[in-house]
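Close look at the chain arrangement
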Amino acid sequence: MTPDYYSRRQAMTFLTSGVAGLGLTKTATARSNTFIINDRIVSDPAVSLKDPDFDNYNYRMAWHDDAGSNGGGNIWIADVNPLTGGLFPANGQGLQVGTGEKDGYNGVTWGFTASGLGIYYTKNDPPLNGSLGVVNFNPSTNTWTDGFVPGGAGGLGPYPSLDTNDTMGLRVFYKTANSQDTQVAYWGYLDQATGALTNPTLLPTGTDRGRWIPGKRALIMNIKTTNRLQQTYQYDVDTALLTQLTFDAGTKNYSYMWKAPEFNNDYIFFNTVQLNDINGLYIGDAMNFYNYDPIKGKWINFYSFDYTSLAPKFPFFLSPQQFIYNGRSYVFIELQTQAQVQNRQYPNLIWIAGIDKSNPFFRQVSAGDPTNKNAANQTSRNNPKAFFLADGRPYIYYQEKTMNTNPYGVPGGTRILHICDTGL
């Protein structure tokens, strides 16, 4: 592939992607009153596309395969057709920009580097579990360079901040494995001149799913409390102040904070909470939304819904994220038949929901029978990402991980890219 593959691209000055916590924002017409599911394949079903991440402003996608050298996968970039959402080329192999991706640690993630927009990932680095890797783009030569983040030895699953106006520098959240092979969390700066990791700082014990809060030098995360319930916290990187945000019942997962137009662009956040029956058995999930009450001096749960409002046969919530469209906040959620299963071998559905408790809104956007988890068209659908096409409307991408029986004639476990119309 020639080096000028992306010469037609705009200068990379800002990124909007499906990365959770950043959020996508568009203004257009109101949602339709009628909706018919429009879920279609946009990649070659014979090629397994793993862990895709999207650069919406430049209409492209990064992903990795399993065929790389040095024990890791190759990293590829493909175009996204701004009119249809289809991939070019359909197999996703537009340009190989890196190799050695270590599977199992968050895949590839678009983020800013010392030279502009790039791709962060976990790079195979034996005998370590892995180290922080980065693919840098050089706009002067129109080329990509793959390598390790200097100072990032042992780092796993990088999640970069996208606040480019932060005068203190770029930031990254990541984990490492200690001597007991248990992951512990850190944050650090990415030097704006060299891209090197500096000032690595250990985060509180038990930190899970740390996500940068847009516009704040802070992370939102989940940590187990003394009663062993996992609650939502905010961690300020300048003061190392850890603030507990939730105290209500239930173990919390998947916390994200953003500025919501419904609340005069004040911050709100959501989390998922585990629901148990009278015997303590985990039976499904709910989603809670919180805004800050300055009079009471605490975060208030202003809206909640649980799995019974969506698809009761798919009671467990995975990978929720948010986007903003036409002045309203929405979430998209992966619903699953089994609880917190990482191998994703169970049927899933993709839904979207609003956050207005006075006008509840729920919509299934993927194919699949919500009333029968054993229906013939059920398959594993995961890793949903929001994306705006040229018509200004939001769509949801997801990966289908084929089961043992599938209509495409490809092996079970093949990952195929779909796009769904939200009808908004």
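In the block above lies the structure referred to throughout.
The rules behind these values
Residues numbered from 1 in each chain as written. Predicted model: local features only at pLDDT ≥ 70, side-chain atom pairs only at ≥ 80, totals over all residues. Heavy atoms only, no water. Helix = DSSP H or I, 4+ residues; strand = E, 2+ residues; numbered from the N terminus. Buried < 20%, exposed > 50% of the residue type's maximum accessible area, 1.4 Å probe, protein only. Contact = heavy atoms within 4.5 Å. Areas by Shrake-Rupley, 256 points an atom, 1.4 Å probe, with all protein chains shown as cover. Salt bridge = Lys/Arg side-chain N within 4 Å of Asp/Glu carboxyl O. Pairing = 2+ DSSP bridges. Axes fitted to C-alpha atoms, helices over the stretch in contact; angles between N-to-C directions. Core = buried A, V, L, I, M, F, W, Y, C linked by side-chain atoms within 4.5 Å. Polar contact = N/O pair within 3.5 Å; in protein donor to acceptor, adjacent residues only side chain to side chain. Phe/Tyr/Trp six-rings, centres within 6.5 Å; stacked < 30°, edge-to-face > 60°.

**With respect to the overall build of the protein chain**
A count of helical and extended segments in the protein chain gives zero helices and 30 strands. The buried share of the protein chain, taken over its 424 residues, is 57%. Counted over contacts in the protein chain with a minimum sequence separation of 6, partners at least 24 positions apart contribute 50%. Summed over its atoms, the accessible surface of the protein chain is roughly 17,500 Å², and 51% of this surface lies on carbon and sulfur atoms.

**Describing the pattern of salt bridges**
Close approach of charged atoms allows side chains of opposite charge to pair. What the rule picks out here adds up to 11 salt bridges. In this structure, the salt-bridge partner of D248 is K252, at a minimum N-O distance of 3.4 Å. On the basis of relative accessibility, which here comes to 26%, the residue D248 falls in the partly exposed class. With a relative accessible area of 0%, K252 lands in the buried category.

**Looking at the sheet that holds strand 21 (residues 266-276)**
Strand order in this open sheet of four strands is 20-21-22-23, and the pairing throughout is antiparallel. Both edges of this open sheet fall to strand 20 (252-260) and strand 23 (298-306), since each of them pairs with a single strand only. Mean inter-strand twist for the sheet, computed between neighbouring axes without regard to direction, equals 25 degrees. Where strand 22 (residues 282-293) lies against strand 23, eight bridges are found, and the strand directions are antiparallel. Within strand 23, the position partnered with N291 by the bridge is I300.

**A look at the sheet that holds strand 2 (residues 39-41)**
Here four strands make up an open sheet; going across it, the order is 2-30-29-28 and the pairing antiparallel. The strands lining the two open edges of the sheet, one partner per strand, are strand 2 and strand 28 (380-388). Looking at each pair of strands side by side, their axes are set apart by 30 degrees on average, direction ignored. As paired strands, strand 28 and strand 29 (residues 394-401) are joined by seven bridges and run antiparallel to one another. When the bridges of strand 29 are listed, F387 appears paired with Y395.

**Here we look at the nonpolar core**
By size, the foremost hydrophobic cluster in this structure holds 25 residues, and its most contacted members are M287, F289, F305, F317, V331, I333 and L335. For this core, the elements supplying multiple residues, two or more each, are strand 20, strand 21, strand 22, strand 23, strand 24 (316-325), strand 25 (328-336) and strand 26 (348-354). The leading source of residues in this core is strand 20, at four residues. In terms of nonpolar packing, the next biggest core, distinct from the first, is built from 24 residues, A62, I119, F137 and L162 among them.

**A few points about the pairing of strand 17 (residues 218-224)**
Consecutive side chains of a regular strand alternate in pointing toward one face of the sheet and then the other. Taking burial as the measure, the seven residues of strand 17 include six buried ones, the bulk of the element. Of the strand pairs in this sheet, strand 16 (residues 208-212) and strand 17 are connected by three bridges, and their pairing is antiparallel. Residue pairing across strands places D208 opposite N222, the latter belonging to strand 17. As paired elements, strand 17 and strand 18 (residues 230-236) share seven bridges and run antiparallel to each other. Each residue of the ladder has a partner; that of A218, found in strand 18, is D236.

**Some remarks on the side chain of N382**
With respect to the secondary-structure elements, N382 resides in strand 28. Residue class for N382 comes out buried when judged on its relative accessible area of 5%. A polar contact is formed between the side chain of N382 and the side chain of S380, at a distance of 3.3 Å.

**Quick look at the packing of aromatic side chains**
Going through the model one piece at a time under the given rule, you end up with 29 aromatic pairs. Here the aromatic rings of F289 and F305 are separated by 6.0 Å at their centres, their planes lie at 40 degrees, and the arrangement is tilted. A residue pair is termed long-range when its members are at least 10 positions apart, and F289 in strand 22 and F305 in strand 23 qualify at 16 residues. Under the relative-accessibility criterion, F289 is labelled buried at 0%. Relative to F388, the ring of F323 has its centre 6.5 Å away and its plane inclined at 80 degrees; by these criteria the two rings are edge-to-face. One end of the pair, F323, is in strand 24; the other, F388, is in strand 28, with 65 residues separating them in the sequence. With respect to burial, F323 and F388 carry one shared label: buried. Ring pairs connect the aromatic residues Y256, W258, F263, F270, F289, F302, Y303, F305, F317 and F362, which therefore count as one cluster.

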